[in-house]
Amino acid sequence: MFGILGRKVGMSHLFTSDGQRYAVTLIEAGPCVVTQIKTRENDGYDAIQLGYMAKTKSVTKPMQGHFNKAKRGAFKYTREFRVDDIDQYELGQTVSVGDFIKGDVLKITGTSKGKGFQGVMKRHGFHGGRKTHGSRSHRIPGSIGNSTTPGRTIKGRRMPGQTGNKRVTEMNIVIMSVESDKNLIYVKGHVPGARDGLVKLQRVIHVEADNAAEQA
């Protein structure tokens, strides 16, 4: 599984060769730097750690020592990616969008927009109570009790609370276009998070170059 870090630029649209119009999300992905390599012998599994966006301030001494091993400076974000072949990576190596092509299928992880404390209608999609005269249950969740058995509110009951600001993963997102010179990836549909938010891209299906040429 190949992956990269990036930031969500915003949304736009693309037209295909047959005239179809698709909503797309622009992601500025990379360049990222390999800051750590984990092996099955030392760590129990094979993985690489990627650093994204240079950071010059507020770097602790332990992190400075960690980043100095790659000799590429410090980074604002670091994320780990499982890989099958660890031998093709080395410390300080640059990972860019050039390894992605049109038609690849990704899973993208980001942090959803925080909406604060919300009621059950906005948080869970409840329909609400009657809108008639005399009703006192327009937007409340209704009864959450259980009479005398078991005599308590069951764990996991949908209730008001914090909405958004959570880690969200979207599956099966298709790459519509790649601009390697600008480090841009156009993906079909929406991705989690606000504009300029960090996103983690992982390729789950790779399209061969000859098949991608036929699709184009």
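Heads up: these notes are all about the structure in this document.

What counts, and at which threshold
Residues numbered from 1 in each chain as written. Predicted model: local features only at pLDDT ≥ 70, side-chain atom pairs only at ≥ 80, totals over all residues. Heavy atoms only, no water. Helix = DSSP H or I, 4+ residues; strand = E, 2+ residues; numbered from the N terminus. Contact = heavy atoms within 4.5 Å. Salt bridge = Lys/Arg side-chain N within 4 Å of Asp/Glu carboxyl O. Pairing = 2+ DSSP bridges. Patch = residues over 30% accessible without salt bridge, like charges linked within 9 Å, V, L, I, M, F, W, Y side chains within 5 Å. Areas by Shrake-Rupley, 256 points an atom, 1.4 Å probe, with all protein chains shown as cover. Buried < 20%, exposed > 50% of the residue type's maximum accessible area, 1.4 Å probe, protein only. Axes fitted to C-alpha atoms, helices over the stretch in contact; angles between N-to-C directions.

1. Here's the deal with the environment of Leu14
Note that Leu14 resides in strand β1 (residues 3–15). Taking the C-alpha atoms as reference points, Leu14 and Cys32, 18 residues apart in sequence, are found 27 Å from one another. When residues no more than four places from it in sequence are discounted, the contact partners of Leu14 are Gln20, Arg21, Tyr22, Val24, Met176, Ser177 and Tyr186.

2. Things to note about the pattern of salt bridges
For the coordinates displayed, the defined rule picks out six salt bridges. Residue Glu80 is joined to Lys38 by a salt bridge in which the shortest nitrogen-to-oxygen separation is 2.9 Å. Here Glu80 is found in strand β5 (residues 75–82), whereas its partner Lys38 is found in strand β3 (residues 32–38), with 42 residues between them in sequence. Several salt bridges share partner residues, and in doing so they unite Arg7, Glu28 and Asp196 into one network.

3. What about the pairing of strand β2 (residues 21–29)?
Note: β1 against β2, nine bridges, orientation antiparallel. Across the sheet, His13 pairs through a bridge with Ala23, a residue of β2. Counted between consecutive antiparallel strands, the loop separating β1 from β2 contains five residues, among which Gly19 sits at a positive phi close to 90°. As paired strands, β2 and strand β11 (residues 184–188) are joined by five bridges and run antiparallel to one another. If you follow Thr25 over to β11, its bridge partner there is Val187.

4. A few points about a nonpolar patch on the surface
Residues Met171, Val204 and Ile205 make up a contiguous nonpolar surface patch of about 250 Å² in total accessible area. Along the chain, the position of Met171 falls in strand β10 (residues 167–179). Judged by its relative accessible area of 47%, Met171 falls in the partly exposed class.

5. Let's talk about the sheet that holds strand β6 (residues 94–95)
An order of β5-β4-β3-β6 is seen for the four strands of this open sheet, with the pairing classed as antiparallel. Both edges of this open sheet fall to β5 and β6, since each of them pairs with a single strand only. Strand direction decides the pairing type here: strand β4 (residues 47–54) and β5, joined by seven bridges, are antiparallel. Looking at β5, one finds that Tyr52 is bridged to Tyr77. With respect to the sheet, helix α2 (residues 61–68) is in contact with β3, β4 and β5, its orientation differing from that of β3 by roughly 95°.

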